[in-house]
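# Reading the structure
Residue strings, one per chain:
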Amino acid sequence: MINIAFWFFVIMTIAAALMVVLSKNLVYAAIALLVTLLGLAAMYVLLWSDFLAGTQVMIYIGGILTLLLFGMMLTHKITSVRISPTNVQRGVGALIVIAIFAGLAWMINITPWLQIHSREPQQTVHDIGILLMTDFLLPFEVASVLLLGALIGAAVLARKES
């Protein structure tokens, strides 16, 4: 059953990612990005990585995608904006993607994978929380102050001159 769920989320994520790239409407592309990010979070859950799944939902879906949608809503005449997916470099980009995919597939096939049977991992959020509040408290606080400075700088730059 886990294989069926995995392949469902893989196909859903790839289809939504293609819709993001190929959509001509910016709002539809943002909604397809939501489905793509949810599919990634679901794959993190299937990999027993509950912290990364929660982070994916909180930061990327809750923060960045919401910011993109608010930016689109606050932009005037957003309904008339059409994105043209046609590009002169489309063929070159397709060749590069095919070359990268072929290289990755070749590396996966020649790698001698270590196969061991492991037990299901325990939840990781508690351990990460303990580490963030003990050993890595200073870098965690420095990152929060840096993000606060970026937020204040963005608000100052976005403020209209009187």
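Here is a short report on the structure shown in this document.

### Quick notes on the overall build of the chain
Scanning the chain for helices and strands turns up 6 helices and 0 strands. Its helices and strands taken in sequence order, the chain reads α-α-α-α-α-α from the N to the C terminus. Relative to its length of 162 residues, the chain is extended, with a C-alpha radius of gyration of 21 Å against a globular reference of 15 Å. Oriented by its inertia axes, the alpha-carbon framework of the chain measures out at about 65 × 50 × 30 Å. Looking at the chain as a whole, 14% of its 162 residues are labelled buried.

### Some remarks on the packing of aromatic side chains
Within the structure shown, the criterion is met by 2 aromatic pairs. Measuring from ring centre to ring centre gives 5.2 Å for Phe6 and Trp7, while their planes differ by 75°; the resulting arrangement is edge-to-face. On the basis of relative accessible area, Phe6 is assigned to the partly exposed category, the value being 32%.

### Digging into a nonpolar patch on the surface
On the surface, a cluster of nonpolar side chains totalling about 710 Å² of accessible area is made up of Val92, Ile96, Ile100, Leu104, Trp106, Met107 and Ile110. With respect to the helices and strands, the residue Ile110 is situated in helix 4 (residues 90-110).

### Regarding the side chain of Gln56
Turning to its location among the elements, Gln56 is positioned in helix 3 (residues 50-74). For Gln56, a relative accessible area of 6% translates into the label buried. Not counting the four nearest positions on each side in its chain, Gln56 is found in contact with Leu37, Leu40, Ala41, Tyr44 and Ile61.

### Some details on the packing of helix 1 (residues 2-22) against helix 2 (residues 26-46)
One way to put it is that helix 1 packs onto helix 2 with a least axis distance of 8 Å and a crossing angle of 155°. Judged by the inter-axis angle, helix 1 sits roughly antiparallel to helix 2. Relative to helix 2, the crossing made by helix 1 is left-handed. Only Ala29, Ala32, Leu33, Val35, Thr36, Gly39, Leu40, Ala42, Met43 and Leu46 of helix 2 make contact with helix 1, whose side of the interface consists of Ile2, Ala5, Phe6, Phe9, Val10, Met12, Thr13, Ala16, Ala17, Met19 and Val20. Partitioned by chemical class, the residues of the contact of helix 1 with helix 2 number 18 nonpolar, 3 polar and no charged.

Rules of the game
- Residues numbered from 1 in each chain as written.
- Predicted model: local features only at pLDDT ≥ 70, side-chain atom pairs only at ≥ 80, totals over all residues.
- Heavy atoms only, no water.
- Helix = DSSP H or I, 4+ residues; strand = E, 2+ residues; numbered from the N terminus.
- Rg over C-alpha atoms; globule rule 2.2 N^0.38 Å.
- Buried < 20%, exposed > 50% of the residue type's maximum accessible area, 1.4 Å probe, protein only.
- Phe/Tyr/Trp six-rings, centres within 6.5 Å; stacked < 30°, edge-to-face > 60°.
- Patch = residues over 30% accessible without salt bridge, like charges linked within 9 Å, V, L, I, M, F, W, Y side chains within 5 Å.
- Areas by Shrake-Rupley, 256 points an atom, 1.4 Å probe, with all protein chains shown as cover.
- Salt bridge = Lys/Arg side-chain N within 4 Å of Asp/Glu carboxyl O.
- Contact = heavy atoms within 4.5 Å.
- Axes fitted to C-alpha atoms, helices over the stretch in contact; angles between N-to-C directions.
- Parallel < 35°, antiparallel > 145°, perpendicular 65-115°, else oblique.
- Left-handed = near helix turned anticlockwise from the far one by under 90°.
- Nonpolar A, V, L, I, M, F, W, Y, C, P; charged D, E, K, R; others polar.

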